[in-house]
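Read off the chains here:
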Amino acid sequence: MKRTLLLASAGERAESLTRAFAEMAPDIDVRTHAPGMDVSQIPYCLVWRAAPGLWPAMKSLKLVFTLGAGAERLLADPGLPRDVPLVRMVEPELTRGMVEYVLWQSLFHHRKVWELEAAQSCATWRPHAYPAPWDRTIGIMGLGELGSAAAAKLVEFGFKVRGWSRSPKALPKVESFHGVDQLPAFLAATEILVCLLPLTPETRGILNAALFAQLPRGASVINAARGGHLVEADLSAAMASGQIAAATLDVFATEPLPPDHPFWSTERLYITPHNASITDPRSAAWRISNQVAKFEAGEALENVVDRQRGY
Ligand code: NDP
Ligand code: OXD
């Protein structure tokens with residue numbers, strides 16, 4: 001039996017997702033949302049950000065899937081039905097992409113590539129020292145699907161890795177800290193800080209002046225989570241003072257980052273356009289079809305967002 005799924009607000013990804021469902025999950029009949037469309041009989045929805053009026057129109061809605069790992073935009077929508085499970089995106093390609101990004105940027109900051117760029121720009125053969133990975137501490141905020149996979153890869157590369165989460169964790173060779181009480185201890189030795197937290201009321205604005213001041217002087221910051229985690233003016237001030245030597249940002253309070261934003265011209269601040277990792281259409285289609293089958297068989301769903309926690 002064909003199951004119908006509404007693809008809403010997928011933008012330029014709609015076409016590749018539709019093709020991926022046809023290939024990987026032919027049991028699912030994908031309909032791309034269009035204004036005026038009758039969605040009253042459609043039970044499943046895959047969405048990035050719902051258009052106004054979508055939820056009341058989906059009168060037969062049973063499950064909502066998010067196109068990304070972060071669900072904060074959907075949770076902030078007061079129209080989202082409270083009694084329908086919200087399943088966030090967890091798929092191996094999204095995780096692999098994020099691991100690649102964190103490794104790439106961690107190595108970039110570990111080797112302080114900006115010092116090489118400065119020497120090259122004036123044609124100077126300047127000796128460039130850097131510690132062994134086991135003498136470099138990388139701290140990951142958020143040890144969930146993405147943070148724990150990134151931590152494991154950095155451990156494999158020999159880095160000293162520590163992580164911070166809400167609940168205690170036991171990950172091989174990762175020094176784990178949890179809760180607000182242990183945040184200062186986590187920060188105290190973190191030379192490269194990676195943020196992979198979900199955006200919730202507790203984590204909004206967490207990358208701020210008070211936090212930067214607790215890092216060793218000259219630390220690096222990598223934010224691949226959400227722009228709302230960062231107090232942008234505090235990062236600018238911390239970089240101007242030298243407390244933070246360099247940063248990589250993938251996410252911003254306003255996206256696309258406006259052309260006149262000072263970050264574009266801040267030295268040692270590296271920008272990527274919110275593409276640290278991207279949901280893979282084929283892998284997503286396969287995961288969603290499995291979850292739908294589980295749901296229809298009355299089995300437990302995976303990666304259901306806990307609305308109380310906000311992730
Ligand atoms: P998970 O839900 O699997 O992990 C979240 C982690 O954050 C958990 O370890 C959780 O702790 C921890 N956490 C949550 N709240 C707090 C808190 N108040 N204090 C301390 N730790 C906390 O999420 P994912 O790893 O799948 O994704 C993380 C985020 O990455 C997404 O929400 C999204 O915003 C972002 N993202 C960005 C992408 C990009 O391209 N830039 C791509 C994909 C995701 P605990 O384990 O104890 O619950
Ligand atoms: C996500 C994202 O949350 O791409 O998956 O930001």
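Residues numbered from 1 in each chain as written. Chains lettered and ligands numbered in written order. Predicted model: local features only at pLDDT ≥ 70, side-chain atom pairs only at ≥ 80, totals over all residues. Heavy atoms only, no water.

> I keep staring at the overall build of the protein chain and nothing clicks. Help me out?
Broken down by element type, the protein chain carries ten helices and twelve strands. Taken against the 2.2 N^0.38 rule, which gives 19 Å for 311 residues, the C-alpha radius of gyration of the protein chain at 21 Å falls within 12% of a compact globule. Here the C-alpha coordinates of the protein chain stretch approximately 65 × 45 × 35 Å along the principal axes. Expressed as a percentage of its 311 residues, the buried residues of the protein chain come to 48%. Summarising the internal contacts of the protein chain: among those between residues at least 6 apart in sequence, 62% fall at separations of at least 24. Carbon together with sulfur atoms contributes 56% to the accessible area of the protein chain, which is approximately 15100 Å² in total. For the protein chain, the distance from the average site of its 31 positive side-chain charges to the average site of its 32 negative ones is 2 Å. (Helix = DSSP H or I, 4+ residues; strand = E, 2+ residues; numbered from the N terminus. Rg over C-alpha atoms; globule rule 2.2 N^0.38 Å. Buried < 20%, exposed > 50% of the residue type's maximum accessible area, 1.4 Å probe, protein only. Contact = heavy atoms within 4.5 Å. Areas by Shrake-Rupley, 256 points an atom, 1.4 Å probe, with all protein chains shown as cover. Lys, Arg positive; Asp, Glu negative; His and termini not counted. Charge placed at Lys NZ, Arg CZ, Asp CG, Glu CD.)

> Looking at this model, I keep getting lost on the packing of aromatic side chains. Mind explaining?
The geometry of an aromatic ring pair is captured by the separation of the ring centres together with the interplanar angle, meaning the angle of the planes. Evaluated as defined, the whole model comprises six aromatic pairs. Ring geometry for Y44 versus F295: centroids 6.3 Å apart, planes at 85°, classification edge-to-face. On the criterion of sequence distance, the pair formed by Y44 in strand β3 (residues 44–47) and F295 in helix α10 (residues 281–296) is long-range, its members being 251 residues apart. On the basis of relative accessibility, which here comes to 1%, the residue Y44 falls in the buried class. Ring centres of Y101 and W104 lie 5.6 Å apart, and the angle between their planes is 80°; this geometry places the pair in the edge-to-face category. Residue Y101 and its partner W104 are both found in helix α4 (residues 92–110); the two are separated by three residues, about one turn of the helix. The class for Y101 is buried, based on a relative accessible area of 4%. Put simply, the rings of F108, W114 and Y270 pair up and form one aromatic cluster. R309 extends its terminal NZ or CZ atom over the ring of Y311, reaching a point 4.0 Å from the ring centre. (Phe/Tyr/Trp six-rings, centres within 6.5 Å; stacked < 30°, edge-to-face > 60°. Lys NZ or Arg CZ within 6 Å of the ring centre and 35° of its normal.)

> What's the story with the side chain of E232 in this structure? I'm lost.
Relative to the helices and strands, E232 is located in helix α9 (residues 232–241). Buried E232, no salt bridge; nearest opposite-charge side chain is R204, N-O distance 10 Å. Look past the residues within four positions of E232 in its chain and what remains in contact with it is F252, A253, H261 and F263. (Salt bridge = Lys/Arg side-chain N within 4 Å of Asp/Glu carboxyl O.)

> Help me understand the sheet that holds strand β5 (residues 86–87), please; the structure alone is not making it clear to me.
Either a parallel or an antiparallel arrangement is found when strands of a sheet pair, and the pairing is made through backbone hydrogen bonds. In space, the five strands of this open sheet follow the order β2-β1-β3-β4-β5, with parallel pairing throughout. Unpaired on one side and paired on the other, β2 (28–32) and β5 mark the two borders of the sheet. Both β3 and strand β4 (residues 63–66) contribute to a ladder of four bridges, which runs parallel. Considered in β4, the bridge of C45 is made with V64. Its contacts with the sheet put helix α1 (residues 14–24) on β1 (3–8), β2 and β3, and the angle it makes with β2 is roughly 165°. (Pairing = 2+ DSSP bridges. Axes fitted to C-alpha atoms, helices over the stretch in contact; angles between N-to-C directions.)

> Whenever I open this one, the site of ligand 2 confuses me. Can you help?
Around ligand 2, a shell composed of W48, G68, A69, G70, R226, H274 and S277 is seen. Between ligand 2 and A69, the relevant distance is 2.6 Å, taken from an oxygen atom to a main-chain nitrogen or oxygen of the residue. For ligand 2, whose accessible area on its own is 210 Å², the fraction buried by protein is 85%. Per-class residue counts for the shell around ligand 2 are two nonpolar, four polar and one charged. (Near = heavy atom within 4 Å. Polar contact = N/O pair within 3.5 Å; in protein donor to acceptor, adjacent residues only side chain to side chain. Nonpolar A, V, L, I, M, F, W, Y, C, P; charged D, E, K, R; others polar.)

> Would you take a moment to explain the side chain of H261 for this structure?
Note that H261 resides in the loop between β11 (244–249) and β12 (269–271). Residue H261 is classed as buried on the basis of its relative accessible area, which comes to 14%. Reaching out from H261, the side chain makes a polar contact with the backbone nitrogen of F263 at a distance of 3.0 Å.

> Can you walk me through the site of ligand 1 in this structure?
Around ligand 1 lies a shell of 29 residues, among which R88, S167, K169, D250 and Y311 are the nearest. Within the backbone of L143, an N or O atom sits 2.9 Å from an oxygen atom of ligand 1. In the model, an oxygen atom of ligand 1 is placed 2.5 Å from a nitrogen or oxygen of the S167 side chain. In isolation ligand 1 exposes 940 Å². Once the protein is present, 92% of that is buried. Those elements giving two or more residues to the shell around ligand 1 turn out to be α6 (145–156) and β7 (160–165). Along the lines of polarity and charge, the residues of the shell around ligand 1 split into 13 nonpolar, eight polar and eight charged.

> Just checking my understanding: could you explain the pairing of β2 for this structure?
Along any regular strand the residues' side chains alternate between the sheet's two faces. Both β1 and β2 contribute to a ladder of five bridges, which runs parallel. Bridge assignment links L6 to a residue of β2, and that residue is R31.

> Quick question: what am I supposed to make of unusual backbone geometry here?
Glycine aside, residues mostly have negative phi, and peptide bonds are mostly found in the trans state. Across the junction of E255 and P256, the peptide omega takes the value -5°, indicating a cis bond. Within the secondary structure layout, P256 lies in the loop between β11 and β12.

> How should I be thinking about the environment of V30 in this particular structure?
One can find V30 in strand β2. Judged by its relative accessible area of 15%, V30 falls in the buried class. Along the backbone, V30 and R19 are eleven residues apart, and their C-alpha atoms lie at a distance of 9.4 Å. What V30 contacts, discounting residues up to four positions off in sequence, is L5, L7, T18 and F21.

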